[in-house]
Amino acid sequence: MKSDYPYIIEIDDKLVTTEIFSVNFLCDLAKCKGICCVEGNSGAPLEEEEVEILEAEFSKYAPYMKEEGIRAVHEQGFMVVDEDGDLTTPLIDNAECAYVCVKDGVTFCAIERAYLNGDTLFHKPISCHLYPVRVAKFSNGTYGLNFHRWSVCSDAIKNGKEKGIPVFRMLREPLIRKFGQEFYGKLEEFYSIYTEEK
């Protein structure tokens, strides 16, 4: 019988933790209220090309943002460099992401709201879209895909377990957006083998 401990597999140029197959996960906004956009010690990681999009299309997101968020962007810029030297979204009072909106007590991404309403073709930063998977790019060009455990997502793990949805399937759309359909297909192939061996 296969060990329940996670291990790393290599698919193409990606090192993938098996937790994305073994852990079930499905966001439960009714319970978490979008807390992942509020908690944390820095903003959401950004890729360089995303910063250019945020600046070029800010007027498309601004109508969905909180006034404090718009002010934070004007004061800090479309991105900030965090203590690790990474590009991240600015924060409102060192707490929630500047690019948020709130509806019925639930925090959403204002960028995603603009996307869903057809105002932009940019869905939202890929790091947010891929969460709870964190992606690292190594100096040799390979990527690491790691499941990020965070106490605020305990309801998502419970919900995913009840629905039987593994992390990678919940993230089908962003995984294809970032790495392509072929890579996602290989994840499905591995999952079939992985579940047979369990």
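The structure under discussion appears in the preceding block.
Per chain, residue numbering runs from 1 following the sequence as it is written. The model is predicted, so local features are restricted to residues of pLDDT at least 70 and side-chain atom pairs to those at 80 or more, both for listing and for counting; the totals for chains, interfaces and linings are taken over all residues. Side-chain metrics in this entry use all non-hydrogen atoms of the structure; hydrogen atoms and water are not considered.

Draft legend 1. Region of the structure containing the pairing of strand β1 (residues 8-11). Burial classification: accessible surface area is computed with a 1.4 Å probe over protein chains only, and a residue below 20% of its type maximum counts as buried, one above 50% as exposed, and the rest as partly exposed. Secondary structure follows DSSP: runs of H or I at least 4 residues long count as helices, runs of E at least 2 residues long count as strands, and numbering of each begins at the N terminus. Of the two faces of β1, the one holding I9 and I11 is buried and the one holding I8 and E10 is not buried anywhere. Strand pairing is assigned whenever DSSP detects at least two bridges linking the two strands. Here 4 bridges tie β1 to strand β2 (residues 14-17), and the two strands are oriented antiparallel to one another. Paired with I8 across the two strands is T17, which belongs to β2. Between the end of β1 and the start of β2, which pair antiparallel, lie 2 residues, with D12 showing a positive phi angle near 55°.

Draft legend 2. Structural view of helix α5 (residues 67-76). Those residues of α5 not exposed but buried are G69, A72 and V73. The buried residues of α5 occupy one face: seen down the axis, they fall within an arc of 100°. Exposed and facing more than 90 degrees away from the buried side of α5 are E67, H74 and E75. Those residues of α5 hidden inside the fold are in contact with α4 (58-61) and β5 (91-92). For this quantity, the arc is that covered by the directions from the helix axis to the C-beta atoms. Only heavy atoms matter for contacts: two residues are in contact if any of them lie within 4.5 Å across the pair.

Draft legend 3. Spatial organisation of the sheet that holds strand β9 (residues 133-137). The strand order β1-β2-β10-β9 describes an open sheet built from 4 strands, whose pairing is mixed. A strand with exactly one partner marks an edge of an open sheet, and here the two such strands are β1 and β9. The mean angle between the axes of side-by-side strands here comes to 25°, regardless of whether they run parallel or antiparallel. Packing against the sheet, helix α10 (residues 172-179) makes contact with β2, β9 and β10 (143-147), and its axis sits at approximately 170° to β10. Angles run from 0 to 180 degrees between N-to-C directions of axes, and those axes are lines fitted to C-alpha atoms, restricted for helices to the stretch in contact.

None of the figures reported here should be taken as evidence of function without further support.
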